[in-house]
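Chain by chain, the residues:
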Amino acid sequence: MNTRALLAIALLIGTIAAVLWLRDEDSNGSMSRTAESLPRFGRALTLSKSSDCKPCHEEVYNEWVGSQHGMAYVNPEVQRLSKGFRDRDCLPCHAPRPIPETGLGERALERLVDLEDGVDCFACHRNQDTMLGGTHITQAVDAPCNPMPSTAIKDLRTCTPCHDQHKVVQDWKETTYAVKGPGFKDCNGCHMPEVARAPTSTLPARKGKSHRFPASHDLATLKSAASMTVNLEGQTLGVVVRNDGTGHNFPADERHRTVDLTLVCELEDGTVATCRIDRYRNPYRDEFDLRNPLRTPGAEREYTVTLGSVGLVSVHALRVAADFNPNRKVYYAENTQIPSGEARQYRVSLPERVKRVTVRLLYKNQPFLADGEARVLHESVKNVGK
Ligand code: HEC
Ligand code: HEC
Ligand code: HEC
Ligand code: HEC
Ligand code: HEC
């Protein structure tokens, strides 16, 4: 073999390796694409605040200003826990500089100005002198935001820098929603529903994407997360709670989010007794008492809970595997969140004295919230013994 042939082979191997490496970079999504490879306009941007966008993008602005992104800095709960942001570690996600500045998928940097704008328009859209997100236009438009045709804004790595701390993005990748085809739904597919946009000087009426980013703070979206079915045969109550509406574990993201399955029982003598059948949550590392007893899909267990003055009630629980990819890797063993597509199935033996039972699935922003202050996802009332 001569030198040229060897060189050609070396070049071929090099190219294949480079292609494989690039493909891997795309599929694992953890590596950054530099700002330089994203579209440029070549004219300085004069806009600096989100309110500068309002005159021309009023509908989007109004959606954003009332969203969790719009309030990420002023949010009283965040202010309280960050001690008025004296804890600077909270700034990179709650008042960030533009994501493309550090590279898609890379950790964001903290902003120094206009902090009250929280996760502002620039955080997701600004790329040097351009606003990413010209998915409706076919050529550069002469407007102060320098819009260029580009689909870069739809890249999942716009969300990863802030939303993968609790592995929401990695988790989604293992669900049926991440499979290309008719069932495909990425984060924006569920959290940016389509909305009508009025015509502008350059575009006719069209479909836009809601910047409210509805999720757990929106009751309708919250209720769509999981279903609950209840049936009663004699004194045996059957309940199934299924995560059939999210593209990730339920309840998602923040570790203090809590979902409780509860019973309120009315007794023969008119008194009321309550109990909690189960709790779904991704507990903090030091909460050892919350370790998940149903470690693997298909696991089952018998246990008892205390129903007020009535005493112990026995429960049989089964972890029903997801149809798609049942053995997810992104799952902590101690976790009692319900993975996307999985269900929890219960059989509860109600004591004779119970005449009426109300089954509730409750959502709590944090685990110490009383049942009465929780939001009710689903409720079902059954009369016993008739
Ligand atoms: C890596 C990015 C990141 C950092 C750093 C971060 N957060 Fe967050 N935070 C988020 C995201 C994303 C959410 C929304 C997810 C959710 O609601 O489950 C959130 C939500 C919250 C919420 C819930 C707000 C509500 O009303 O529902 C609180 C409170 C909060 N963060 C406080 C803090 C505090 C305090 C710090 C600093 C110690 C901090 N965060 C640092 C990304 C971050
Ligand atoms: C003086 C009016 C004006 C201002 C101010 C303005 N824009 Fe624009 N923007 C436009 C026009 C015109 C287009 C072209 C598409 C259209 O007509 O909506 C556009 C397009 C866009 C697009 C692409 C939209 C799509 O449908 O694909 C984004 C994203 C955008 N602007 C973001 C911003 C942001 C963020 C700000 C504030 C920092 C801003 N714009 C300020 C006029 C403006
Ligand atoms: C720079 C960080 C950052 C980026 C980038 C970001 N988010 Fe967020 N997001 C947050 C923070 C922080 C909150 C919570 C703020 C609060 O509640 O005070 C949040 C809240 C949300 C919520 C509402 C959750 C709730 O509690 O109701 C959804 C949904 C969401 N983000 C989806 C997305 C999606 C989809 C993307 C990508 C297109 C994205 N985010 C990009 C930081 C970010
Ligand atoms: C099939 C629809 C669907 C897909 C896909 C989806 N979500 Fe969700 N998401 C939901 C629903 C429904 C809720 C409300 C229930 C809950 O909080 O778990 C939710 C809740 C959330 C929350 C709020 C958690 C909180 O503490 O308030 C965040 C943040 C979030 N999703 C981020 C994402 C991100 C990031 C992606 C993409 C990797 C994504 N979601 C993909 C349906 C979806
Ligand atoms: C958390 C990230 C995020 C923030 C914050 C954000 N956007 Fe967007 N925006 C997106 C994404 C993602 C899309 C594209 C969605 C798609 O086409 O699937 C988009 C699309 C748009 C569009 C075109 C679609 C439409 O609905 O008309 C405009 C215009 C726009 N954004 C302007 C703004 C303005 C103005 C702000 C601030 C008031 C803002 N965006 C804040 C992520 C964001």
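Residues numbered from 1 in each chain as written. Chains lettered and ligands numbered in written order. Predicted model: local features only at pLDDT ≥ 70, side-chain atom pairs only at ≥ 80, totals over all residues.

Draft legend 1. Structural detail: the overall build of the protein chain. Summing up its helical and strand segments, the protein chain has 10 helices and 14 strands in all. Counting all 386 residues of the protein chain, 30% fall into the buried class. Within the protein chain, contacts between residues at least 6 apart in sequence are counted, and of these 61% link residues at least 24 apart. (Helix = DSSP H or I, 4+ residues; strand = E, 2+ residues; numbered from the N terminus. Buried ≥ 20, exposed ≤ 12 C-beta atoms within 10 Å, placed from the backbone. Contact = placed C-beta atoms within 7 Å.)

Draft legend 2. Just the sheet that holds strand 2 (residues 130-134), in detail. On the basis of which strands lie adjacent, the open sheet formed by three strands has the order 1-2-3 and mixed pairing. Each of the sheet's edge strands pairs with one partner strand only, and the pair in question is strand 1 (126-127) and strand 3 (147-149). (Pairing = 2+ DSSP bridges.)

Draft legend 3. The site of ligand 1, seen in detail. Residues in contact with ligand 1 amount to 16 residues; listed here are only the nearest, Leu-81, Cys-90, Cys-93, Asp-253 and Glu-254. Elements that contribute at least two residues to the shell around ligand 1 include exactly helix 3 (76-81), helix 4 (91-94) and helix 7 (160-163). Tallied by class, residues from the shell around ligand 1 come to six nonpolar, five polar and five charged. (Near = placed C-beta within 6 Å. Nonpolar A, V, L, I, M, F, W, Y, C, P; charged D, E, K, R; others polar.)

Draft legend 4. Broad picture of the site of ligand 5. If you check the shell around ligand 5, you find 23 residues, and the closest are Cys-53, Trp-64, Cys-121, Cys-124 and Gly-208. Breaking the shell around ligand 5 down by element, the ones donating at least two residues are helix 2 (58-65), helix 6 (121-125) and strand 5 (206-209). It is helix 6 that contributes the most residues to the shell around ligand 5, four residues altogether. Split by residue class, the shell around ligand 5 holds 10 nonpolar, 10 polar and three charged.

Draft legend 5. Summary view of the sheet that holds strand 7 (residues 236-242). With respect to topology, five strands assemble into an open sheet ordered 6-7-12-11-10, the strand pairing being antiparallel. Looking at which strands have only one partner, the edges of the open sheet turn out to be strand 6 (227-233) and strand 10 (300-307). On average, adjacent strands in this sheet sit at an angle of 20 degrees to one another, irrespective of strand direction. Sheet analysis places strand 11 (residues 311-320) next to strand 12 (residues 343-349), joined by six bridges and oriented antiparallel. (Axes fitted to C-alpha atoms, helices over the stretch in contact; angles between N-to-C directions.)

Draft legend 6. Seen up close, the environment of Lys-382. For Lys-382, the position within the fold is in strand 14 (residues 375-383). Overall, Lys-382 belongs to the partly exposed group, with 15 C-beta atoms counted inside 10 Å. Each C-alpha atom of the pair Lys-382 and Leu-237 lies 9.2 Å from the other, and the pair is 145 residues apart in sequence.

Draft legend 7. Main features of the nonpolar core. One finds Ala-226, Val-241, Phe-250, Val-259, Val-348, Leu-361 and Leu-377 to be the most contacted residues of the largest nonpolar core, which totals 34 residues. Mapped by element, the contributors of at least two residues to this core are helix 8 (168-173), helix 9 (187-191), strand 7, strand 8 (258-267), strand 9 (272-280), strand 11 and strand 13 (354-364). At five residues, strand 13 tops the list of elements feeding residues into this core. Among the domains, domain 1 (31-209) and domain 2 (219-383) are the pair contributing at least three residues each to this core. Apart from residues no more than four positions distant in its own chain, Val-241 is found in contact with Ala-226, Met-228, Leu-261, Ile-338, Ala-343, Arg-344 and Leu-361. (Core = buried A, V, L, I, M, F, W, Y, C linked by C-beta atoms within 7 Å. Domains from an automatic or database assignment.)

Draft legend 8. Region of interest: the environment of Pro-149. Inspection of the secondary structure assignment puts Pro-149 in strand 3. Once the C-alpha coordinates of Pro-149 and Gly-134 are considered, the two residues, 15 residues apart in sequence, prove to be 4.3 Å apart. Apart from the residues within four sequence positions on either side, Pro-149 is in contact with Gly-134, Ile-137, Thr-138 and Gln-139.

Draft legend 9. Region of interest: the pairing of strand 13. The pairing of strand 8 with strand 13 spans 10 bridges and is classified as antiparallel. Bridge pairing links Leu-267 to Val-354 in strand 13. Note: strand 13 against strand 14, eight bridges, orientation antiparallel. When the bridges of strand 14 are listed, Arg-360 appears paired with Glu-379.

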